[in-house]
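Letter by letter, the chains look like this.
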Amino acid sequence: MAAQATFVTVDEDYAGQRLDNFLIRQLKGVPKTHVYRIIRSGEVRVNKGRAQADTRVEAGDVVRLPPVRTSERAEQKAQAMAQEVARHGASSTVGGYAPAAEFPILFEDDFVLAIDKPAGVAVHGGSGVSFGVIEQLRMARPESDFLELVHRLDRETSGVLLIAKKRMALKLLQEQFRERETDKIYLALVGGDWAPNKRVIDKALHKYLLENGERRVKVVANEHPDGMRSVTLVKVKAAIPASPAAPSTPFTLLEVTIKTGRTHQIRVHLANEGHPIAGDDKYGDFELNKALQKTVAGAPSLKRMFLHAWSLKFNHPKLRKVVHLHAPLPPELQQFLPAPVIEAVSPD
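Residues numbered from 1 in each chain as written. Predicted model: local features only at pLDDT ≥ 70, side-chain atom pairs only at ≥ 80, totals over all residues. Heavy atoms only, no water.

Visitor: I would appreciate a short explanation of the side chain of E255 in the present structure.
Guide: Mapping E255 onto the fold places it in strand β16 (residues 251-258). The class for E255 is buried, based on a relative accessible area of 13%. Among residues more than four places away in sequence, those in contact with E255 are I185, Y186, L187, L233, V234, K235, K237 and W310. (Helix = DSSP H or I, 4+ residues; strand = E, 2+ residues; numbered from the N terminus. Buried < 20%, exposed > 50% of the residue type's maximum accessible area, 1.4 Å probe, protein only. Contact = heavy atoms within 4.5 Å.)

Listed below in structure tokens is the structure:
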């Protein structure tokens, strides 16, 4: 008996996905070249009509899948990949394998996962990093059909990171971030005494590349043709006395809120005001950073950038209620602050 076509109804988790990506997920083990071939030939139908590879499927669409057979070579390749994954971890998006890892959980239900990301861990593979948080989580949770980053944090930044567990949640949460309907507060320690009346930084930013291909960002005139308007709100949290390692430099702990989500926005805006973030190896005071890494007179050292995604408020994509999360300062940052200040920044 000849193999029969099958019909799949798109559920809300995959609404908005391209048809080719939807098929690649549905037809696991089938070479991508064959997936595109059956789309071009019209064997794949969406609601009984022909469709293109870039057609977006919607919830309730009925997709006709023609009978397909994986080649022996494809099956062998899939088996070899499964063995490699079993030994080394999930395949990352840029090659190599990610070891399984979980991270401290701040909130989790069927729609959203919020973790406390440690500093030094990238959120995803790329730019010379073979894997990140998302690849490690996927390996640690093989039963999860969907795990996607809602937003990004710099590799050097710690704190609250949201992951969507359903496509519907991803779309709604990303829309909240785009429309600035979330309330995200960072804690940043900067060199010098920040003027309390300096509350708004509204300066355009421009991305560029160094000769070695590394990405950098700088402040440019607001009318610069390649500048992107960037707004940062700043509030003084506490004045911090100088460290014995750098006795001539007092510090200020700031609450920082970004109204535009540009690359390295907080780091560049604060540095441009003459108050670089302590420990910032890209835009910071390099001599000060070097001094702070030393232990002097028993005082704690600072070996990372002092920027932490401390608080996040968002509307739950399903329950429609406000979720307010706090990620406590990690120990390596807490130890650099006086005890009364640590208590002041503890979660509510």
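Next comes the rest of the description.
Visitor: Even after reading the chapter, I still don't get the nonpolar core, so can you show me in this structure?
Guide: Soluble globular proteins tend to pack their nonpolar side chains together in the buried interior. Within the largest apolar cluster, 29 residues are counted, with the highest numbers of intra-cluster contacts made by L161, I163, Y186, I266, L270 and I277. For this core, the secondary structure elements donating two or more residues are β8 (112-117), α4 (133-140), β10 (158-164), β11 (183-191), β16, α6 (265-272) and β17 (307-315). Excluding its chain neighbours within four sequence positions, the residues that come into contact with L161 are L113, A114, I115, K117, V123, V133, L149, H151, R152 and L153. Counting 20 residues, the second largest nonpolar core, distinct from the first, contains L187, A278, L288 and F336. (Core = buried A, V, L, I, M, F, W, Y, C linked by side-chain atoms within 4.5 Å.)

Visitor: What am I meant to see in helix α2 (residues 32-40) here?
Guide: Turn by turn, an α-helix covers 3.6 residues, leaving residues three or four places apart pointing in a common direction. Within α2, the full set of buried residues consists of V35, I38 and I39. Down the axis of α2, the buried set is contained in an arc of 105 degrees. They therefore lie on one face. The exposed residues of α2 that point more than 90 degrees off its buried face are T33 and R40. In this structure, the buried side of α2 is in contact with α1 (19-26). (Arc of directions from axis to C-beta.)

Visitor: Any chance you could explain the environment of L312 here in plain terms?
Guide: Relative to the elements of secondary structure, L312 occurs in strand β17. Sequence separation between L312 and H326 is 14 residues; the distance between their C-alpha atoms is 6.6 Å. Residues contacting L312, with those up to four places away along its chain left out, are V160, L162, F177, T182, D183, K184, V323, H324 and L325.

Visitor: Even after reading the chapter, I still don't get the pairing of strand β18 (residues 322-326), so can you show me in this structure?
Guide: Alignment of β17 against β18, held across five bridges, turns out to be antiparallel. Directly across from S311, in β18, lies its bridge partner H326. Connecting the antiparallel pair β17 and β18 is a turn made up of six residues, with R320 showing a positive phi of about 60 degrees. (Pairing = 2+ DSSP bridges.)

Visitor: Would you take a moment to explain the packing of aromatic side chains for this structure?
Guide: For any pair of aromatic rings, the description rests on two quantities: the centre-to-centre distance and the angle between the ring planes. Tallied over the entire structure, the rule returns one aromatic pair. Both rings, one in F251 and one in F336, keep their centres 5.9 Å apart while their planes meet at 75 degrees; by these two values the pair is edge-to-face. Residue F251 is located in strand β16, and its partner F336 is located in the loop between α8 (331-334) and α9 (339-344); the two are separated by 85 residues in the primary sequence. Taking relative accessible area as the criterion, F251 reaches 0% and is therefore assigned buried. With a relative accessible area of 9%, F336 lands in the buried category. (Phe/Tyr/Trp six-rings, centres within 6.5 Å; stacked < 30°, edge-to-face > 60°.)

Visitor: In this structure, what is going on with the sheet that holds strand β3 (residues 49-50)? I would like to understand it.
Guide: Hydrogen bonds between backbone atoms are what pair the strands of a sheet, whose relative direction is either parallel or antiparallel. Taken together, the four strands give an open sheet; going across it, the order is β1-β4-β2-β3, and neighbouring strands pair in antiparallel fashion. What marks the edges here is a single partner per strand, and that holds for β1 (6-9) and β3. Its contacts with the sheet put α1 on β1, β2 (45-46) and β4 (62-65), and the angle it makes with β4 is roughly 60 degrees. (Axes fitted to C-alpha atoms, helices over the stretch in contact; angles between N-to-C directions.)

Visitor: When you look at unusual backbone geometry in this model, what are you seeing that I'm missing?
Guide: Outside of glycine, negative phi angles account for most residues, and trans bonds account for most peptide bonds. The residue H264 is not glycine, and still its phi comes out positive at about 55 degrees. By the secondary structure assignment, H264 is in the loop between β16 and α6. Not every positive phi belongs to a glycine, and R320 is a case in point at roughly 60 degrees. Following the sequence through the fold, R320 ends up in the loop between β17 and β18.

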